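Spelled out, the chains give:
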Amino acid sequence: PRDSVYCLSDQDNELITLEIIHRYVELLDKYFGSVCELDIIFNFEKAYFILDEFLLGGEAQETSKKNVLKAIEQADLLQEVRRLCFLKAFRGQKDFAEQVS
């Protein structure tokens, strides 16, 4: 990404660092579909989660875009199931409160 600052130590390989940045942008592009700054601004948590799935301790933990995107899909699905369970429980409490009154 342009207008960004990255710090490297003398032992870091600059080409690998550029490849990691490139791979992260590819992952964002695949997930958001032609990613732009607004995608990252309004979905910061998701962009950070994608980075967290990709890197561990500053090193690439998974190099396969397919595997990273699969893990993100699974996390999205889990989040949606939790949201639906919460809504169902909330509605159940509301219905119960209406029955009691």
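- With an unreviewed UniProt entry as reference, the protein chain is termed Adaptor related protein complex 1 subunit sigma 2, source organism Sinocyclocheilus grahami.
- In UniProt, the protein chain has this text filed under Sequence similarities (unreviewed entry): "Belongs to the adaptor complexes small subunit family."
- Quoted verbatim from the Subcellular location (unreviewed entry) heading of the UniProt record, the comment on the protein chain is "Endomembrane system".

**Focus on the overall build of the protein chain**
Argument step 1. What the protein chain contains, in helices and strands, is four helices and two strands.
Argument step 2. Listing every helix and strand of the protein chain by position from the N terminus yields α-α-α-β-β-α.
Argument step 3. In the protein chain, which comprises 101 residues, the proportion classed as buried is 17%.
Argument step 4. If you take every contact in the protein chain between residues at least 6 apart in sequence, the share linking residues at least 24 apart comes to 45%.
Argument step 5. Of the roughly 8,400 Å² that the protein chain leaves accessible, carbon and sulfur atoms contribute 57%.

**Side note on the environment of S34**
Argument step 1. Positionally, S34 belongs in the loop between α1 (14-32) and α2 (37-42).
Argument step 2. Relative accessible area serves as the criterion here: at 59%, S34 is assigned to the exposed category.
Argument step 3. Residues in contact with S34, not counting those within four places in the same chain, are D29 and D39.

Conventions used here
- Residues numbered from 1 in each chain as written.
- Predicted model: local features only at pLDDT ≥ 70, side-chain atom pairs only at ≥ 80, totals over all residues.
- Heavy atoms only, no water.
- UniProt positions renumbered as here; feature names shortened; annotations may be inferred.
- Helix = DSSP H or I, 4+ residues; strand = E, 2+ residues; numbered from the N terminus.
- Buried < 20%, exposed > 50% of the residue type's maximum accessible area, 1.4 Å probe, protein only.
- Contact = heavy atoms within 4.5 Å.
- Areas by Shrake-Rupley, 256 points an atom, 1.4 Å probe, with all protein chains shown as cover.

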